[in-house]
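What the coordinates show
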Amino acid sequence: MTHIDAGTEVDSGQPLPAPVGTGGLTAAEVAERVARGQVNDVPVRSSRSTVDIVRANVFTRFNAIIGVLWLIMLFVAPIQDSLFGFVILANTGIGIVQEWRAKKTLDSLAVIGEARPTVRRDGVAAEVSTAEIVLDDLIEIGPGDKAVVDGVCVEADSLEIDESLLTGEADPVVKRPGDRILSGSFVVAGGGAFQATKVGREAYAAQLAEEASRFTLVHSELRTGISTILKYVTWMMIPAALGLVATQLFVKDNDLDDSLARTVGGIVPMVPEGLVLLTSVAFAIGVIRLGRKQCLVQELPAIEGLARVDTVCLDKTGTLTEGGMDVTELRPLGGNDEEYIRKVLGALGESDPRPNASLQAIIDAYPDTEDWRCTESLPFSSARKYSGATFSEGDGETSTWLLGAPDVLLAPDDAALTETERLNEQGLRVLLLARTGRDLDAPDVAVGAKPAALVVLEQRLRPDAADTLRYFAEQNVNAKVISGDNAVSVGAVAAKLGLEGSTVDARTLPDDKDGMAGALEAGTVFGRVTPQQKRDMVGALQSHGHTVAMTGDGVNDVLALKDADIGVSMGSGSEATRAVAQIVLLNNSFATLPSVVAEGRRVIGNITRVATLFLVKTVYSVLLALLVVCWQVEYPFLPRHLTLLSTLTIGVPAFFLALAPNKERARPHFVRRVMRYAIPGGLVAGIATFVTYLVARHYYTGEGALDAETSAATLTLFLISMWVLAIIARPYTWWRVALVAAMGLGFVLVLAVPWLQEFFALKLVGMTMPWIAVGIAVVAAAALEFLWKWVDRRVPA
């Protein structure tokens, strides 16, 4: 390991900070910097603050509109005409409480998954939280560690750092003492230490970590679609509301208070105020449910995104297999002595301070020989597929060894490859130990290496992997196993788990995107994949219209995780993978993924259902307002009538439907799918209700006629709205039938109980007109069934 010399310049041309020594800061120096505020104090939030949650739920465009109308109603009309305002208060309160609960869940999970860098102080290395790092701290780094603050390299041992997430440059950068280390970059090979030069808000890492972990409610097709719908609703509302105001206040010579009440009654139902609330609540409850299963959703739309995924790319190690391995056999080659080979393997294990799973199995099987000394080492890299070391043996001899993939280190015609293939076909992992006469830093170090032994490793299959793969197959989600290991070995593991399909060596894949995409469509298991190829494979699948999820836990998965539509990391994975993934499985269980998919499908499918309910109301409300303006008549409803209808046919049912189980596969084009039902449904409901109202105006005369006309129109609108609800609730289950029936009984109760009749100003007069209202509703319901079936055939989703 090399150390930095005082006075060396960083690559930026700026002088280095004063060296703190190899032992790091002292406790007194740390305390001094804390007192000066030179700490990494930028909070990494996994959720919005409570203030942000309240602000987002209270200060909305529609809350402002309805709030003003509510205040007017409180002064000019009975309290029952102001009920809609209390409903808004309740909705807003529910939204705040649910998001706050989701925030608490996310915050507690984020603490579990938080990175804890290793800092050297007083000569002792210890893990600290990111927020405890101070200026000039000496931070140790190794494979998979992410630089959380900016700094300057002080020690380097074959240190290679990937800065692609910052610069877009895919090739790792070799770092030497004096080189600058950027926060947000991560180590792919080797190890070392760097001195913190920028902490807190000055370091880019704090912003990056905060951005990566924020509880977001944006950038999802669902929420974007709802925003688009609300934008059009606003434009529809403005002319309809202005016309309604002019008609009710100035054209018809009515009492001012009654005119205001009917004007407000026409405007309020145009606002689909509960739609945004239910979307937020559905997402928030999804976060809480997944949180109970130790699944950290770092970006909220990831729940929705994974439900839309049609291809899952799985890294074998850590996903299908457990991290640990066991050495099952050692096969010396070329007449080498087994005892001597054991010494070599023991020394190789000791030479790497941060061994991967394969090397750890070797360390466990072969203890180090104390009289061997490592003079140079080459850490394992996913790109080159081998590691190495040079030793001074106990008898004074010097030897250089490589340990890695047999098909990379051996010539294609080497006899040892035949044995390797046979073992790979059994699902075993095989490493080759080879001796080389070249220097470790030579680019052709592997050329001419002499095979010395085969090390056979057995991988531990995850007990839940087979069931999870079966779930994806049932859900028509294609699983692609992408691994850096030997293709035959990976294929054997996949076969043991019941995954069918052809096995491909990634070294034979075409370089062009279309050719690669075609090969990916045809194959299932891909071995010998480089980190850059993993990234290219994700891009190739996306170029053919696939929504891709990538799972992984190692440094070699980071680039692919970042580019995938949804990145899923194991909680025990490297810090870099956890930082870029949208979903972190803190319990390291691949079996949690079906829960995430199911939760996403529940949210998308149910919000699509209830959005139709809300927007049917918006369409018929706008239509009724326009018809009232054209016919120059009083608006048929008071706010209390529409509050009653909205509660029974939309508000209460939508809440239950939005949180119900739903396994329907998520489909694109949310706006089109919702509006193709909402527009014909709203038109039928609006026209039928207005026809009933006009018929009732000719039928009833004298005092109390307007109340009778309103009651008849309300009956028709309720029956049609109930039919819309009955269609939306399909396919029926016992609780859905009970829900629809309970809403119908609620309306019957209002009509049957005298004080409720008076409270809601609803009283059916005579027998003829109510039955006409029912007849019109029946015809409208039949028209609705016909229209929606016609839409299914003629207007594709």
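Residues numbered from 1 in each chain as written. Predicted model: local features only at pLDDT ≥ 70, side-chain atom pairs only at ≥ 80, totals over all residues. Heavy atoms only, no water.

1. So, the overall build of the chain
Rules: Put simply, DSSP H or I for four residues or longer makes a helix, DSSP E for two residues or longer makes a strand, and each gets a number counted from the N terminus. The rule is simple: take the accessible area with a 1.4 Å probe, protein chains only, and divide by the maximum for that residue type; under 20% is buried, over 50% is exposed, in between is partly exposed. By definition, residues are in contact when any of their heavy atoms lie within 4.5 Å. Here the accessible surface of atoms and residues is derived via Shrake-Rupley with a 1.4 Å probe, and residues count as covered only by protein chains that are part of the display. Charge counting follows a simple rule: Lys and Arg are positive, Asp and Glu are negative, and His as well as the terminal groups are ignored. Just so you know, the charge point we use is NZ for Lys, CZ for Arg, CG for Asp and CD for Glu.
A count of helical and extended segments in the chain gives 27 helices and 22 strands. Split into buried and exposed, the 797 residues of the chain put 57% on the buried side. For the chain, contacts bridging at least 24 residues in sequence account for 73% of all contacts bridging at least 6. Counting every atom, the chain has about 32,400 Å² of accessible surface; 58% of that belongs to carbon and sulfur. Computing the positive centroid from 70 side-chain charges and the negative centroid from 91, the chain places the two 9 Å apart.

2. A closer look at the sheet that holds strand 19 (residues 523-527)
Formally: For two strands to count as paired, DSSP must find a minimum of two bridges between them. Axes, fitted as lines to C-alpha atoms, cover a helix only where it is in contact. Angles between the N-to-C directions of the axes lie from 0 to 180 degrees.
Pairing is mixed in the open sheet, where eight strands are placed in the order 9-22-21-20-10-17-19-18. What marks the edges here is a single partner per strand, and that holds for strand 9 (295-297) and strand 18 (502-505). Across the sheet, the mean angle from the axis of one strand to that of its neighbour is 20°, orientation sign disregarded. Looking at chain direction, strand 9 and strand 22 (residues 583-585) are connected through three bridges and run antiparallel. Bridging across to strand 22, Leu296 finds its partner in Val584.

3. Brief notes about the environment of Ala465
Relative to the assigned elements, Ala465 resides in helix 15 (residues 465-474). The exposure class of Ala465 is buried, given its relative accessible area of 0%. In this structure, the C-alpha to C-alpha distance between Ala465 and Leu71, residues 394 residues apart in sequence, is 58 Å.

4. Here we look at the nonpolar core
Rules: For this analysis, a nonpolar core means a set of buried residues of the types Ala, Val, Leu, Ile, Met, Phe, Trp, Tyr and Cys, connected via side-chain atoms within 4.5 Å.
Among the nonpolar cores identified, the biggest contains 91 residues, and Met73, Phe84, Ile607, Val610, Leu613, Phe670 and Phe747 are the most heavily contacted of them. Val309, Leu469, Val490 and Val596 belong to the second-largest nonpolar core, a separate cluster that totals 38 residues.

5. Side note on the environment of Met73
Note that Met73 resides in helix 3 (residues 61-76). Sequence spacing of Met73 and Trp401 is 328 residues, and the spatial spacing of their C-alpha atoms is 86 Å. Setting aside anything within four residues of it in sequence, one finds Met73 in contact with Asp81, Ser82, Phe84, Leu260, Ala261, Val264 and Pro639.

6. Some thoughts on a nonpolar patch on the surface
Stated precisely, the cut-off is as follows: Only residues whose relative accessible area exceeds 30% and that take part in no salt bridge are eligible for patches, with like-charged residues grouped when within 9 Å of each other and nonpolar side chains (Val, Leu, Ile, Met, Phe, Trp, Tyr) grouped when within 5 Å. A pair is scored as a salt bridge if a Lys or Arg side-chain nitrogen falls within 4 Å of a carboxyl oxygen belonging to Asp or Glu.
A cluster of nonpolar side chains, namely Leu71, Leu74, Phe75, Ile79, Phe86 and Leu89, defines an oily patch on the protein surface of about 630 Å² accessible area. Elements supplying a minimum of two residues to the nonpolar patch: helix 3 and helix 4 (83-113). Here the nonpolar patch takes three residues from helix 3, the largest share from any one element. Mapped onto the fold, Leu89 is located in helix 4.

7. Quick look at the environment of Leu345
In this structure, Leu345 sits in helix 11 (residues 338-351). Separated by 108 residues in sequence, Leu345 and Ala453 place their C-alpha atoms 9.9 Å apart. Setting aside chain neighbours within four positions, we find Leu345 in contact with Leu330, Ile362, Tyr366, Leu403, Leu433 and Val455.

8. Looking at the packing of aromatic side chains
To be explicit about the condition: The rule is short: rings of Phe, Tyr and Trp, with Trp giving its six-membered ring, pair when the centres are within 6.5 Å, and they are stacked under 30 degrees, edge-to-face over 60, tilted in between.
Within the structure shown, the criterion is met by 14 aromatic pairs. Between Trp70 and Phe86 the ring centres are 5.2 Å apart and the planes differ by 80°, which places this aromatic pair in the edge-to-face class. One end of the pair, Trp70, is in helix 3; the other, Phe86, is in helix 4, and 16 residues separate them in sequence. Taking the relative accessible area as the measure of exposure, Trp70 reaches 16% and is therefore buried.

9. Description of the pattern of salt bridges
Enumeration over the complete set of coordinates arrives at 29 salt bridges. The salt bridge involving Glu221 is made with Arg308; its shortest N-O contact spans 3.6 Å. On the criterion of sequence distance, the pair formed by Glu221 in helix 7 (residues 221-251) and Arg308 in helix 10 (residues 301-308) is long-range, its members being 87 residues apart. Since its relative accessible area comes to 29%, Glu221 is described here as partly exposed.

10. Observations concerning the packing of helix 17 (residues 513-522) against helix 18 (residues 531-543)
Note the cut-off: Each angle receives one of four descriptions, namely roughly parallel if under 35 degrees, roughly antiparallel if over 145, roughly perpendicular if within 65 to 115, and oblique otherwise. Classes in brief: Ala, Val, Leu, Ile, Met, Phe, Trp, Tyr, Cys and Pro nonpolar; Asp, Glu, Lys and Arg charged; the others, Gly included, polar.
One can describe the packing of helix 17 onto helix 18 by two numbers: an axis separation of 8 Å at closest approach and a directional angle of 85°. Judged by the angle between their axes, helix 17 and helix 18 are roughly perpendicular. Counted together, Lys513, Met516, Ala517 and Leu520 of helix 17 and Asp536, Met537, Gly539, Ala540, Leu541 and Ser543 of helix 18 form the full contact between these two elements. Residues that form the contact of helix 17 with helix 18 fall into these classes: six nonpolar, two polar and two charged.

11. Some remarks on the confidence of the model for the chain
Which entries qualify depends on this criterion: Within a predicted model, pLDDT stands for the predictor's per-residue confidence, ranging from 0 to 100.
Taken over all residues, the pLDDT of the chain has a mean of 83, while the share at 70 or more is 91%. Helix 25 (residues 734-752) holds the highest mean pLDDT among the elements of the chain, 95, whereas strand 1 (residues 2-3) holds the lowest, 39. Every residue in residues 1-14 scores below 50 in pLDDT, and together they form 30 contacts with partners more than four places removed in sequence or on other chains. Contacts from residues 208-218, a stretch scored under 50 in pLDDT, to residues over four places away or in other chains number 36 contacts.

12. What to know about the pairing of strand 14 (residues 398-404)
Burial runs high along strand 14: six of the seven residues are buried. Bridge analysis of strand 13 (residues 386-392) against strand 14 gives seven bridges, and the strand direction is antiparallel. Pairing of Ser392 across the sheet is with Thr398, part of strand 14. The antiparallel pairing of strand 13 with strand 14 creates a hairpin that spans five residues between the two strands, and Gly396 there sits at a positive phi of about 95°.

13. Topic: helix 27 (residues 768-794)
Convention followed: One less than the number of residues in a helix, times 1.5 Å, gives the span that helix is expected to have.
Between its first and last C-alpha atoms helix 27 spans 39 Å; for 27 residues at 1.5 Å apiece the expected length is 39 Å, and the two agree. Looking only at helix 27, the buried set comprises Met769, Pro770, Ala773, Ile776, Ala777, Ala780, Ala781, Leu784, Glu785, Trp788 and Val791. Of the surrounding elements, those touching the buried residues of helix 27 are helix 21 (593-631), helix 23 (670-699) and helix 24 (705-728).

14. Topic: unusual backbone geometry
The step from Arg730 to Pro731 runs through a cis peptide bond, and the omega angle for that step is -5°. Of note, Pro731 is situated in the loop between helix 24 and helix 25. Of note, the phi angle at Asn476 is positive, near 60°, even though the residue is not glycine. By the secondary structure assignment, Asn476 is in the loop between helix 15 and strand 17 (478-482). Backbone geometry places Gln632, a non-glycine residue, at a positive phi of 55°.

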